[in-house]
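Inside the fold
Here is what each chain is made of, one letter per residue.
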Amino acid sequence: NLIKKSYDKNPLDLQLMLIMTSIDVKKERFTKAIKEMQEFEKSEYKIVSRDQTTAETEKILLLNVLGNAYAGINDCNKAQKIFDIVLKSRPFLAPTLTDSAKCDLKTNNTIQARGKLEKAYSSEPDYPETLFLLGKIYTNHDPKKAAFYYKKFIEISSDDKNFEMESKQAQASLEQLQAKNFDSSKKSD
């Protein structure tokens, strides 16, 4: 509420915009976040700042939020264009690679999603969402890899309330993979 009051007084403050739109995306108010970022989008993502490094960082953070807002309303074409802008300047940014891969998965482009997720994993091996999605992708055609990623995901995110549902899903998938592995080893005996 405190931030909202400040933001309402000064909606062009980029840091307040970033906080408010991040909250909106987290609470799945995607259309609201897009509306709040209209001026940023109309400016073709230009940011004026005294410090170029700060401006570039703010731009990337805002673009990530905007991309996630568009992905949230299932406009993956728009989201991918925004994620591509970020990835041009930061090609190994794990959150953006992962978010872009989620759009690829929504459009059934599993091979491209896997490539982005592997790249995200190589740049940030402990990013939970990447680990979870890699586990899902490998479940059907490489159970050993899937188990590896699920185990690592569970290890990292077991206490994180943000990943409760995913943890349960990963645990169930891991149990199924282990049961299949047990069955296949029993048959070979």
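This is a predicted model, so every value here is computed, not measured.

The full count for this structure, using the stated rule, is eight aromatic pairs. Measuring from ring centre to ring centre gives 6.5 Å for Tyr121 and Phe148, while their planes differ by 90°; the resulting arrangement is edge-to-face. You can see Tyr121 sitting in helix 8 (residues 110–123) and its partner Phe148 sitting in helix 10 (residues 143–157), a full 27 residues away along the chain. Given a relative accessible area of 18%, Tyr121 falls into the buried group.

Bringing helix 10 into the picture now. Spanning 15 residues, helix 10 covers 21 Å between terminal C-alpha atoms, matching the ideal 21 Å at 1.5 Å per step. For helix 10, the complete set of buried residues consists of Ala146, Ala147, Tyr149, Tyr150, Lys152, Phe153, Ile154 and Ser157.

Examined against the element boundaries, Thr96 turns out to sit in helix 7 (residues 94–106). Distance in space between the C-alpha atoms of Thr96 and Lys27 is 19 Å, their sequence separation being 69 residues. In this structure Thr96 touches Asn64, Phe83, Val86 and Leu87, once residues within four positions along its chain are discounted. Within the structure, the side chain of Thr96 is placed 2.6 Å from the side chain of Asn64, a separation counted as a polar contact.

On to the environment of Leu14. For Leu14, the position within the fold is in helix 2 (residues 14–26). Between the alpha carbons of Leu14 and Ala55 there is a distance of 9.6 Å; along the sequence they are 41 residues apart. Not counting residues up to four positions away in its chain, the partners in contact with Leu14 are Ile47, Glu58 and Leu62.

Glancing now at helix 8. Compared with the 20 Å implied by 1.5 Å per residue over 14 residues, the 20 Å span of helix 8 between its first and last C-alpha is a close match. Residues Ala113, Lys116, Leu117, Ala120 and Tyr121 constitute the buried set of helix 8. For helix 8, the arc enclosing every buried residue in end-on projection is 140°, short of the 170-degree limit, so these residues lie on one face. Facing away from the buried surface of helix 8 by more than 90 degrees, the exposed residues are Ile111 and Ser122. In this fold, the buried residues of helix 8 make contact with helix 6 (76–89), helix 7, helix 9 (128–138) and helix 10.

Rules of the game
- Residues numbered from 1 in each chain as written.
- Predicted model: local features only at pLDDT ≥ 70, side-chain atom pairs only at ≥ 80, totals over all residues.
- Heavy atoms only, no water.
- Phe/Tyr/Trp six-rings, centres within 6.5 Å; stacked < 30°, edge-to-face > 60°.
- Helix = DSSP H or I, 4+ residues; strand = E, 2+ residues; numbered from the N terminus.
- Buried < 20%, exposed > 50% of the residue type's maximum accessible area, 1.4 Å probe, protein only.
- Expected span 1.5 Å × (residues − 1).
- Contact = heavy atoms within 4.5 Å.
- Polar contact = N/O pair within 3.5 Å; in protein donor to acceptor, adjacent residues only side chain to side chain.
- Arc of directions from axis to C-beta.

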